[in-house]
Amino acid sequence: MENKRILIVGAKGQIGSELLDYLRAKHGTDNVIGADLRTLHINGPTEVLDVMDFSAMRAVVEKYGITEIYLLAALLSATAEKKPEFAWELNMKGLFNALNLAKEGLIKKIFWPSSIAVFGPGTPQENTPQNTIMDPNTVYGISKLAGERWCEYYHNKFGVDVRSLRYPGLISWKSQPGGGTTDYAVEIFYEAIQNGNYTCFLDKNRELPMMYMSDAIRATVQLMEAPAEKLNIWSSYNLSGISFTPEQIAMAIADRINNFSIDYKPDFRDKIAQSWPSSINDDIAKADWNWKSEFNLDAIVKDMITNLTNKLQLS
Ligand code: NAD
Ligand code: AKB
């Protein structure tokens, strides 16, 4: 069996830092190179790398004999609204650089994440199907939808093996989120544990699709390891975990943290959330590569509170 040499770009981020640990445990530390614009203070091979610099990307790929890239560097929805042109440039250029390295035959496989942000106000909100109206009204969503089309194009035209998931909002305790609309579902735990109160930037009834990080990492690696002939989607797979509103997660937290209270001050991020689905249909992922999520709301809340309390040394 051929040895994998994996490059994670954006390895210091919310997903990248956990994916790096998971893939290193599976393939060996030296076979998983962590790269980011910010210096990584971890053991094992790392690089400071700008995903927008094609020659630098190529040099790192050649230096380590990289076979697969997980491309996680991007601006997320809320930050992207503040820097629209830069967000478009970063989100697209990084993807093109990876796709072109694969087109040249330098790497064999790419993982590039899309998002529920590809959907928009015209999309059916409940149980949103894989193929439907997609009219994103955020820079981030536009860049993700365009990215999906380019992934499918490079696959069909040049045979590039690029795989993708439309992640919902991801909840994690090891790493903090980096500027998204769903970040509230992580912030709420920090505030509940440290201060007993949280002011939420979404409306209390704004239901969104969410997923626990360990489910997301498992889905990512499962998709990357699936035989190509089983896959029917080369743009990006719908992926579903659970759905809840701020009020529902607050109630679940209040069951475990006495006197926790929440208030609401919706800002521009609530408008973004309003344009996204409230639940996702992922039947094709289930059928093609046996996807099944494991964490429900109660399991997430329990795990988050236990681990974050230990991490914050408040136990
Ligand atoms: P993040 O913001 O936590 O991490 C992104 C990382 O990329 C950061 O460490 C940042 O320093 C790095 N980076 C930024 N610009 C770079 C550049 N020019 N070159 C190299 N590195 C650079 O983001 P994340 O939450 O880990 O998301 C990773 C990917 O997953 C993104 O494409 C995001 O759109 C997608 N996604 C995330 C979520 C989520 O809830 N976290 C949901 C849907 C999709
Ligand atoms: C964001 O809120 O921007 C991300 C996402 C769902 O893509 N978490």
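Residues numbered from 1 in each chain as written. Chains lettered and ligands numbered in written order. Predicted model: local features only at pLDDT ≥ 70, side-chain atom pairs only at ≥ 80, totals over all residues. Heavy atoms only, no water.

Peer 1: An account of unusual backbone geometry is requested, with residue identities and associated values reported.
Peer 2: You will see that N127, though not glycine, has its phi angle at about 50 degrees, which is positive. Secondary-structure assignment places N127 in the loop between β6 (114–115) and α5 (139–158). Exposure remark for N127: the relative accessible area of 46% places this residue in the partly exposed category. Phi angles above zero are rare outside glycine, and N259 is one such case at about 65 degrees. Tracing the sequence through the fold places N259 in the loop between α8 (246–254) and β14 (261–264). Given the relative accessible area of 74%, N259 is considered exposed. (Helix = DSSP H or I, 4+ residues; strand = E, 2+ residues; numbered from the N terminus. Buried < 20%, exposed > 50% of the residue type's maximum accessible area, 1.4 Å probe, protein only.)

Peer 1: Give me the sheet that holds strand β13 (residues 242–244): which residues, what numbers.
Peer 2: Backbone-to-backbone hydrogen bonds pair the strands of a sheet. The strands run either parallel or antiparallel. Taken in spatial order, the three strands make up an open sheet running β9-β11-β13, and their pairing is mixed. Unpaired on one side and paired on the other, β9 (169–171) and β13 mark the two borders of the sheet. With strand direction ignored, the average angle separating the axes of adjacent strands in the sheet is 45 degrees. Here three bridges tie β9 to strand β11 (residues 208–212), and the two strands are oriented parallel to one another. The residue bridging I171 from the neighbouring strand is Y212, located in β11. Taken strand by strand, helix α6 (residues 184–194) contacts β9, β11 and β13, and its axis lies near 25 degrees from that of β9. (Pairing = 2+ DSSP bridges. Axes fitted to C-alpha atoms, helices over the stretch in contact; angles between N-to-C directions. Contact = heavy atoms within 4.5 Å.)

Peer 1: Could you give an account of the sheet that holds β6, with specific residues and numbers?
Peer 2: In space, the three strands of this open sheet follow the order β6-β8-β12, with parallel pairing throughout. The open sheet has two edge strands, β6 and β12 (237–238), and neither has a second partner. Note that strand β8 (residues 165–167) and β12 share two bridges and pair parallel. Looking across to β12, one finds that R166 is bridged to N238. The sheet strands contacting helix α7 (residues 213–225) are β8 and β12, and the helix crosses β8 at an angle near 175 degrees.

Peer 1: Now, about the site of ligand 2: what can you tell me, with residues and values included?
Peer 2: Neighbouring residues of ligand 2: L76, S77, S115, I116, Y140, G169, G180, T181, T182 and W276. At 2.5 Å, a side-chain N or O of S77 approaches an oxygen atom of ligand 2. Within the contact set of ligand 2, a nitrogen atom lies 2.8 Å away from a side-chain nitrogen or oxygen of T182. For ligand 2, whose accessible area on its own is 250 Å², the fraction buried by protein is 93%. Class assignment of the residues belonging to the shell around ligand 2 gives a composition of four nonpolar, six polar and no charged. Each of two domains, domain 1 (6–167) and domain 2 (170–209 + 241–311), supplies a minimum of three residues to the shell around ligand 2. (Near = heavy atom within 4 Å. Polar contact = N/O pair within 3.5 Å; in protein donor to acceptor, adjacent residues only side chain to side chain. Areas by Shrake-Rupley, 256 points an atom, 1.4 Å probe, with all protein chains shown as cover. Nonpolar A, V, L, I, M, F, W, Y, C, P; charged D, E, K, R; others polar. Domains from an automatic or database assignment.)

Peer 1: Give a description of the site of ligand 1 that names residues and reports values.
Peer 2: Lining the immediate environment of ligand 1, one finds 27 residues, of which Q14, D36, R38, Y140 and K144 sit closest. Side-chain polar atom of K144 to an oxygen atom of ligand 1: 2.8 Å apart, as the coordinates give it. For the shell around ligand 1, the secondary structure elements donating two or more residues are α1 (14–27), β6, α5 and β9. Grouping the constituent residues of the shell around ligand 1 by class yields 15 nonpolar, seven polar and five charged.

Peer 1: I'd love a proper account of the pairing of strand β4 (residues 68–71), names of residues and values included.
Peer 2: The alternating pattern of β4 places E68 and Y70 on one face and I69 and L71 on the opposite face, and all of these are buried. Relative to β4, strand β1 (residues 6–9) runs parallel, the two being bridged by four bridges. Of the residues in β4, the one forming a bridge with L7 is I69. Of the strand pairs in this sheet, β4 and strand β5 (residues 109–111) are connected by three bridges, and their pairing is parallel. Bridge pairing links Y70 to F111 in β5.

Peer 1: Describe the packing of α8 against helix α11 (residues 297–311), and please don't skip the residues or the numbers.
Peer 2: To describe two helices that pack against each other, one gives the angle between their axes and the distance between the axes. It is at 10 Å that the axes of α8 and α11 come closest, and there the two elements cross at 55 degrees. On the basis of the axis angle, α8 is oblique to α11. α11 is crossed by α8, and the crossing has right-handed handedness. Of the residues in α11, those in contact with Q248, I249, A252 and I253 of α8 are L297, V301 and I305. Across the contact of α8 with α11, the residue classes break down as six nonpolar, one polar and no charged. (Parallel < 35°, antiparallel > 145°, perpendicular 65-115°, else oblique. Left-handed = near helix turned anticlockwise from the far one by under 90°.)

That's the geometry; what it means functionally is another story.
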